[in-house]
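Chain and residue survey
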Amino acid sequence: MYTRFLIVFSLVAVLLFLYGAIVNVGYIEENRCRMTYMFEHPQYTRIPVQGGERFPKYALYAYSEGYITQRVQQRHFTGAPVLFVPGSGGSFKQVRSLASVALRKGIDNNWQAHLDYFSVDLNEELSGVYGGYLQDQTDFLELCIQEIIRLYGGRAARMFLVGHSVGGKLAQAVVALGSDGKRIERHVAGIITISAPMDKPVALLDHYHQSFYDRIEQAWRANRSIAVPGAATPSTGRPLDGLLLVTIGGGIRDIIVHDGLTDSRYADLHAMTHNIPNVWLSVDHLCAMWCLQFVLVTNRFLYSMITAQQGRNSYGFVEDKRTMVAHANRFLVQPFSGKENPDYIVHQPEQEEWVEDIRRSFTEQHRAGLTRTRVQMIRLIPDKPQHRFLRVEVINAEQEHDWLSVCDAVDVYENSRICQRSFSLVNHTLPVPSSKFDRAGALLDLHELKQRNPRWTHVLVKIRRTFKPVQFSVDVFNPAEREIHVAMPHWFDYRKRTILQHASTDDSFYRLKVSGMIHTYQTIALDLQAIRCDAVKGSVVVKVHVPWAKGYDRYAYHEDLNGTTVYIYPPIENPLLSGGSKEEALIEVDIHLTPGCSYRIDYRQSLRVSIARIVQQYLVVIPAHCVALLLLAFNDQLTQTDPEAPAFVVGKLRSSLTKPTALVVLLGVTSLLGKFLPLFKSIPPIEALSTPLTVSIVIHLVAAGLLLVTTLALWGSIAFCANFAHKIILRLIALPIPIMSSTFLSCIHRFPLAMAVLLIAIALTACGGVSMLCAAAVYFVLLSKAYEDYLENFVFHTARRIAARLFGAIAGEQREADNQRRRRKRRTAANETGDELMVINFHLPLFFLVLLLAVLNVPSVITWAKNYHYANTLQPDPSLVPALVVLVCLAVLWQLNTPRNVRGYELVAALLVIMAFVAVLYCQVYVYRLNYAVVIVFVAITLHQIIAPKRPAIEQRSGEGEE
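Residues numbered from 1 in each chain as written. Predicted model: local features only at pLDDT ≥ 70, side-chain atom pairs only at ≥ 80, totals over all residues. Heavy atoms only, no water.

An unreviewed UniProt entry annotates the protein chain as GPI inositol-deacylase originating from Anopheles darlingi. UniProt lists a comment for the protein chain under the heading Function (unreviewed entry), and it reads "Involved in inositol deacylation of GPI-anchored proteins which plays important roles in the quality control and ER-associated degradation of GPI-anchored proteins." Here the protein chain is described in UniProt, under the heading Sequence similarities (unreviewed entry), as follows: "Belongs to the GPI inositol-deacylase family." (UniProt positions renumbered as here; feature names shortened; annotations may be inferred.)

**As for the overall build of the protein chain**
Assigned secondary structure in the protein chain consists of 27 helices and 32 strands. Considering only intrachain contacts with a sequence separation of at least 6, the fraction spanning at least 24 residues in the protein chain is 80%. With the model as given, the accessible surface of the protein chain reaches about 42,500 Å², and the carbon-plus-sulfur share is 57%. (Helix = DSSP H or I, 4+ residues; strand = E, 2+ residues; numbered from the N terminus. Contact = heavy atoms within 4.5 Å. Areas by Shrake-Rupley, 256 points an atom, 1.4 Å probe, with all protein chains shown as cover.)

**Re helix α24 (residues 880-895)**
With 16 residues, α24 extends 22 Å from end C-alpha to end C-alpha; this agrees with the ideal 22 Å at 1.5 Å per step. For α24, the complete set of buried residues consists of P882, A883, V886, L887, C889, L890, A891, L893 and W894. (Expected span 1.5 Å × (residues − 1). Buried < 20%, exposed > 50% of the residue type's maximum accessible area, 1.4 Å probe, protein only.)

**Thoughts on the side chain of H270**
Among the secondary structure elements, H270 is positioned in strand β8 (residues 269-272). Since its relative accessible area comes to 9%, H270 is described here as buried. Beyond its immediate stretch of four places on either side in the chain, H270 contacts T247, I248, G249, T262, D263, K550, G551 and Y552.

**Quick look at the sheet that holds strand β12 (residues 352-356)**
Reading across from one edge, β11-β19-β16-β22-β14-β12 is the order of the 6 strands in this open sheet, with mixed pairing throughout. Each having just a single partner strand, β11 (345-346) and β12 make up the two edges of the open sheet. Sheet analysis places strand β14 (residues 373-379) next to strand β22 (residues 458-463), joined by 6 bridges and oriented antiparallel. Its bridge partner lying in β22, V375 is registered against K462. (Pairing = 2+ DSSP bridges.)

**Brief notes about the sheet that holds strand β1 (residues 42-47)**
In spatial order, the strands read β1-β2-β4-β3-β5-β6-β7-β8; together these 8 strands make up an open sheet with mixed pairing. Looking at which strands have only one partner, the edges of the open sheet turn out to be β1 and β8. On average, adjacent strands in this sheet sit at an angle of 25 degrees to one another, irrespective of strand direction. Judged from the 6 bridges that link them, β1 and strand β2 (residues 59-65) form a sheet pairing that is antiparallel. Paired with R46 across the bridge in β2 is Y61. Against the sheet, helix α3 (residues 96-108) makes contact with β1, β2, β4 (115-121) and β5 (159-164), and its axis sits at roughly 40 degrees relative to β2, the strand it touches most. (Axes fitted to C-alpha atoms, helices over the stretch in contact; angles between N-to-C directions.)

**Looking at the pattern of salt bridges**
Side-chain pairing between opposite charges can occur once the charged atoms of the two side chains come close. As enumerated under the stated definition, the model contains 32 salt bridges in all. Across the pair R511 and D590 runs a salt bridge whose closest N-O atoms are separated by 2.7 Å. Of the two residues, R511 is situated in strand β26 (residues 509-515) and D590 in strand β31 (residues 587-592); the sequence distance between them amounts to 79 residues. Here the salt bridges do not stand alone but share partners, grouping D199, E217, R221 and R265 into one network. (Salt bridge = Lys/Arg side-chain N within 4 Å of Asp/Glu carboxyl O.)

**Side note on the state of the cysteines**
Going through the model one piece at a time under the given rule, you end up with 2 disulfides. Disulfide partner of C33: C291, at an S-S distance of 2.2 Å. As the torsion about the S-S bond is roughly -90 degrees, the C33-C291 disulfide counts as left-handed. Placement of C33 in the loop between α1 (2-26) and β1 and of C291 in the loop between β8 and α7 (292-304) is noted, with a sequence separation of 258 residues between them. On the basis of relative accessible area, C33 is assigned to the buried category, the value being 13%. Shown here is the disulfide that connects C407 with C419, its sulfur atoms set 1.9 Å apart. As the torsion about the S-S bond is roughly 40 degrees, the C407-C419 disulfide counts as right-handed. With C407 in strand β16 (residues 404-407) and C419 in the loop between β18 (416-418) and β19 (421-424), the pair connects residues that are 12 residues apart, well separated along the chain. Accessibility expressed as a relative area gives 0% for C419, which makes it buried. (Disulfide = S-S within 2.5 Å.)

**Digging into the pairing of β2**
Most of β2 sits inside the fold, with 7 of its 7 residues counted as buried. Residues A59, Y61, Y63 and E65 point to one face of β2 and L60, A62 and S64 to the other, with burial holding for every one of them. Sheet topology note: the β2/β4 ladder contains 4 bridges and is antiparallel. Opposite A59, over in β4, you have D121 as the bridge partner.

**Thoughts on the side chain of Q616**
With respect to the helices, strands and loops of the structure, Q616 is situated in helix α12 (residues 607-618). Owing to a relative accessible area of 14%, Q616 belongs among the buried residues under this scheme. Those residues in contact with Q616 that lie beyond four places of it in its chain are N24, D254, I255, I256 and H258.

**Observations regarding the packing of aromatic side chains**
Two measures describe an aromatic ring pair: the distance that separates the ring centres and the angle between the ring planes. By the definition in use, this model includes 26 aromatic pairs. Geometrically, the ring pair formed by F423 and W456 is tilted, given 5.9 Å between the ring centres and 45 degrees between the ring planes. On the criterion of sequence distance, the pair formed by F423 in strand β19 and W456 in the loop between α9 (446-452) and β22 is long-range, its members being 33 residues apart. When its relative accessible area of 8% is taken as the criterion, W456 is described as buried. (Phe/Tyr/Trp six-rings, centres within 6.5 Å; stacked < 30°, edge-to-face > 60°.)

**What to know about helix α5 (residues 166-174)**
Across the 9 residues that make up α5, a large majority, 9, are buried. Looking at the packing, one finds that the buried side of α5 touches β3 (80-85), α4 (134-151), β5, β6 (188-194) and α6 (207-223).

**Regarding the nonpolar core**
One finds L638, L846, V850, L890 and F938 to be the most contacted residues of the largest nonpolar core, which totals 96 residues. Element by element, the count of residues in this core is highest for helix α22 (residues 835-856), at 13 residues. With residues near it in sequence (within four places) discarded, L638 still touches F648, F842, Y905, V908, A909 and L912. (Core = buried A, V, L, I, M, F, W, Y, C linked by side-chain atoms within 4.5 Å.)

**With respect to unusual backbone geometry**
Where the residue is not glycine, phi is negative for most of them; where a peptide bond is considered, it is trans in most cases. Of the consecutive residues Q875 and P876, the connecting peptide bond is found in the cis state with omega at -5 degrees. The topology assignment puts P876 in the loop between α23 (858-866) and α24. A cis amide bond, omega 0 degrees, links T898 with the succeeding residue P899. Note on placement: P899 falls in the loop between α24 and α25 (905-922). A positive phi is found at N110, a non-glycine position, where the angle reads about 60 degrees. The topology assignment puts N110 in the loop between α3 and β4. With a phi angle near 65 degrees, N415 is a residue other than glycine that sits in the positive phi range. Tracing the sequence through the fold places N415 in the loop between β17 (411-413) and β18. According to the relative accessible area criterion, N415 is exposed, its value standing at 80%.

**Notes on a nonpolar patch on the surface**
Together, Y2, F5, V8, F9, V12, L16, Y19, Y494 and L607 make up an exposed nonpolar region whose accessible area comes to about 850 Å². A per-element tally of the nonpolar patch places α1 first, with 7 residues. Structurally, the position occupied by V12 is in helix α1. (Patch = residues over 30% accessible without salt bridge, like charges linked within 9 Å, V, L, I, M, F, W, Y side chains within 5 Å.)

**Here we look at the confidence of the model for the protein chain**
Mean pLDDT for the protein chain: 84, with 87% of residues reaching 70 or above. A low-confidence stretch, residues 734-741 stays under pLDDT 50, and its non-local contacts, those more than four residues away or across chains, total 4 contacts. For the stretch residues 824-834, pLDDT sits under 50, and the model shows 24 contacts to residues farther than four places along the chain or on other chains. (pLDDT = per-residue confidence, 0-100.)

**Quick notes on the packing of helix α13 (residues 622-638) against helix α26 (residues 929-947)**
Relative to each other, α13 and α26 sit at 15 degrees, their axes nearing to 11 Å. Regarding the angle of α13 to α26, the classification is roughly parallel. In this structure, α13 meets α26 at a crossing whose hand is left-handed. Mapping the contact onto sequence places P623, A624, V627, L631 and F634 in α13 and L930, V937 and I941 in α26. Here the contact of α13 with α26 is built from residues that sort into 8 nonpolar, no polar and no charged. (Parallel < 35°, antiparallel > 145°, perpendicular 65-115°, else oblique. Left-handed = near helix turned anticlockwise from the far one by under 90°. Nonpolar A, V, L, I, M, F, W, Y, C, P; charged D, E, K, R; others polar.)

Structure (structure tokens):
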């Protein structure tokens, strides 16, 4: 019964995982990015790089259009330089959208203040999954920076580096890992990383990635102060302190680099595209490079820092770090933070209309505009809780520095109380996302303002004279009445709950405080439904604030919709609760509703998005769990025979995989070891991966389900598709003479040692990953041939028994059968009837390990194939050493009649258990370590088959007598 439950749950987990992958790839959030269009054909002019002959695969290009191309070809550059660095598999042509918009802006400026865009061609290499070329790319990027400086006449020009994906990490590396002692960082004003894995890579598939990240971390730690949120700009004088580092993430639509990987401890500012003013939406990994809303904001930010340099028409970037940080905050965080706010604002009552309304909540629309500037007065009443908070919003009005202020209304003009001057509150302005109008709002604590200055009496909202339709709304309320506490449901609870049945049409603001949400996969779906609207169209703005994740505030807005759903989740795990803090930090969700509409608000736990986020964040740990479960199943296969039994028997892999014992042991023991091993300093530290128990169970079930499905598929392939597979292999061999192809395939069956030597030659002359893929194909041929022998033996014995019962034994047939059995003994062990099936059971888990090793090294194979034009052998090759060791072991295992009837299988089984725990504790994040875990398993099994002593002679004679 438990076995059946395990099978069902494993298959359900696999289906859920596939569903989550489909949700990630298909749809979570609508793509509302607008396309970036061009006016002229793009031109990419190649710039020769001094010293670039060492890197024939790479190149440097300058972007231009139209008549500007002539300037570029003449090497006449006068703008502020920007160097774009593409990411993994990215093209240098991805700079087109950024550069084209910047070029149009420069032409509009009469080519005065403008940007010169350059782009690096890195051969579209998959540096995100293969780290062998990261150092070469960094060295070439350094040469490009030096070449750009020479293009500007060697003057002290400072440039900005814009890196997408892994290109952002390369930009961070080049300023810290400069060769020959050259100070590259003095030529770089700042770095903007877009959807880049900063402090941790997406997956560590080879040790080159780990070494690259470690060296960058060491260099930045030594040369850069760690940015403290809210603190002043560091002034310690370290070499990298004067460099601006801005990190930007794509949000929930980016399924490659999720939110938590895009920030850096060294960043001066972190933002997500969904909280950048005038962007307000999540972008996928590639869309970030052409999304018009984001491209415009990025170029505005860069243009804001252009300043005149030496020479009449020469421009560069500002030198002052504080100025750059202020501009970054203005364009990427708070658009009103960079405005100069005077100490006080002078009013002109004769040109203004002063109105004081005693209503607490109201909305006014002026479709024809305003003929006079209007000043709306909201009174400060300190002792009444219902007058505690003010939510004000203006639509389609100019937001100058004086639109929101506070004053002491003691003067009178034409029977109206007025203020001659007031103090600006523009820094309290909160941008409100909208795709149609200019919207701004503010949330003020009126009691706090009164305590700050008891003389203040009114908050002023100033709307200037305009012919455009304008609207403003005022909502004064008691925060206790608009604050709702919500608890995260348990993992098994997906019921819908109602927060607010019928909100008043005057209510424009509610705040939800969500408790119990600490893990990144936990997701709440917030449903907002407009029940009734009074001649207005519903518009909802939701802001999600995660207190422990600075820069991750998320805005979601929906216009002209009667109902919408917003997903709430923490982008990074709550460090306060995991660190043992007694006070839990609550996620705050601010809901801004349209006045005049009544809403119903419900929430539920979202299974769809939760599974999608588990797939996105934990897909990389699946191989470690597959290896661990496979080794535990192999252990069960090898321990089904008593050590004193006369003959060794291997159990079935399918039966061992479906036993729940391995799953329970792996979960329980790894959890205990994860808590106790850190106490021993002599033991290497385990991976710092805090996986929730629920997610661990799902991952284990998915791994078990994948292994079970793969095992059944392999048995089906061996049983029904062996002949078809032989034909495919013959096609792949494609020798000119058909008889030679058949002979070659026959050699695989008869001389496996020669095939192993050939595979070793492939590994040395091409790539280790290629040899492992070929080894998996050869292994499959050997397994299918062993199954054919088993079927022949089974059919022969069955037919002989039937003939003996019906007609009696025939001496001639008996002798012929004995001869056939002697011929088969050249390749199979002589332990008992049905040895071929035991051979398959023994080699099946080894075949899976070879297959998994080949899959893990597919990035090396792709890189080798992509660079075959430049070099026949992959250098460096992270798959070479594991491939050589495994192939040597396979040469022995294929040549010997394995499994042999020897002692010591229980020792091998114990090693398999140890390596299973090692795979889970040390190889989930550092995936490349699985190569060496598999190598250890193969070496141990091979040595055991060679040197283990045979069973006692009496047992051998007993076996021969049975035969």
